[in-house]
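# Structural characterization, general
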Amino acid sequence: MEGTCSIHRRHWAWWSIALVGAAAVVVASAALGDAQTARVGRKAETSRPPHPIRITMKDLHEQGGVPRRWKFLLPPGDPVEGRRVFVAMECFACHTVAEEQFPDETRIPSGPGPELTGMGTQHPAEYFAESIMHPNRVIVLGPGHTGWDSFSKMPSYADVMTLKQLIDVVAYLKSLTATDAPTAHDHSNDHRREQPGPAK
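Residues numbered from 1 in each chain as written. Predicted model: local features only at pLDDT ≥ 70, side-chain atom pairs only at ≥ 80, totals over all residues. Heavy atoms only, no water.

### Some words on the overall build of the chain
In terms of helices and strands, the chain carries five helices and zero strands. Secondary structure elements of the chain occur, N-terminal to C-terminal, as α-α-α-α-α. Looking at the chain as a whole, 24% of its 200 residues qualify as buried. Within the chain, contacts between residues separated by at least 24 positions form 62% of all contacts whose residues are at least 6 apart in sequence. In the structure as shown, the chain presents an accessible area of about 14,400 Å², 61% of it carried by carbon and sulfur atoms. (Helix = DSSP H or I, 4+ residues; strand = E, 2+ residues; numbered from the N terminus. Buried < 20%, exposed > 50% of the residue type's maximum accessible area, 1.4 Å probe, protein only. Contact = heavy atoms within 4.5 Å. Areas by Shrake-Rupley, 256 points an atom, 1.4 Å probe, with all protein chains shown as cover.)

Structure, rendered in structure tokens:
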């Protein structure tokens, strides 16, 4: 009888250990799944198009031609395609991105454009789009930004890029979110690439 009880106790102990181990695996799996879902959710959130706004024409006109609290939002693009455009148009001749491998040679002369490492967290997509299409809309003062004529050193790509290329390049710039970047807005070395302007 005692032998039977001993066997039952051993079986009960084994099942208890097995149940605790199984519970630990389930909890760990759930936590990992939640973390992965959160990461995927955040990624999907940045790539989803803006929610549509439904409004009657009468209300639209009564609200000054745009819905209340409306603002222009760029649709989501493809950062992989955007990187291809970035390389094809040789943007890397003026802009560096840490840990990115770009071609060594370019057809255009190197310029003193600001480093883009980690820039995706610094500005909204619409600001990037405007900087590419109309760089003199906001003229940032300082080396690497302003030329001898007080205008932006950045050329306009309004006649060069297609709308899709613009959207994709902006998506690539928004994907540059490295938090361990040295200093995204540091231009201490820009003088090395400065091109002399006409004498005043």
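### Overview of unusual backbone geometry
You will see that Glu90, though not glycine, has its phi angle at about 55°, which is positive. Its place among the elements puts Glu90 in the loop between α3 (79-88) and α4 (125-133). Residue Glu90 is classed as buried on the basis of its relative accessible area, which comes to 10%.

### Some points on the nonpolar core
The biggest cluster of nonpolar side chains holds 23 residues, and the ones touching the most others in it are Phe86, Leu116, Ile132, Met161, Val170, Tyr172 and Leu173. Counting residues per element, the ones that place at least two in this core are α3, α4 and α5 (163-174). Residue contributions to this core peak at six residues, all from α5. Setting aside its immediate chain neighbours within four residues, Met161 contacts Val85, Met89, Ile132, Met133, Leu166 and Val169. (Core = buried A, V, L, I, M, F, W, Y, C linked by side-chain atoms within 4.5 Å.)

### Digging into the confidence of the model for the chain
Considering every residue of the chain, the mean pLDDT works out to 76; 66% of them sit at 70 or more. In the predicted structure, residues 187-200 sits below a pLDDT of 50 and forms 24 contacts with residues beyond four places in sequence or in another chain. (pLDDT = per-residue confidence, 0-100.)

### Describing the pattern of salt bridges
Summed over all chains, the structure comprises six salt bridges. In this structure, Glu130 and Arg137 form a salt bridge, with 3.5 Å as the shortest nitrogen-oxygen distance. (Salt bridge = Lys/Arg side-chain N within 4 Å of Asp/Glu carboxyl O.)

### Looking at α4
Those residues of α4 that fall on the buried side of the exposure criterion are Ala125, Phe128, Ala129 and Ile132. Across the axial projection of α4, the buried residues extend over an arc of 100°, all falling on one side. Buried-residue contacts for α4 involve α5. (Arc of directions from axis to C-beta.)

### Digging into the side chain of Asp168
As for its position among the elements, Asp168 is in helix α5. Among the polar contacts listed, one links the side chain of Asp168 to the side chain of Lys164, at a separation of 2.6 Å. Among all residues touching Asp168, those that are not within four sequence positions of it are Gly77, Asp78, Pro79, Glu81 and Gly82. (Polar contact = N/O pair within 3.5 Å; in protein donor to acceptor, adjacent residues only side chain to side chain.)

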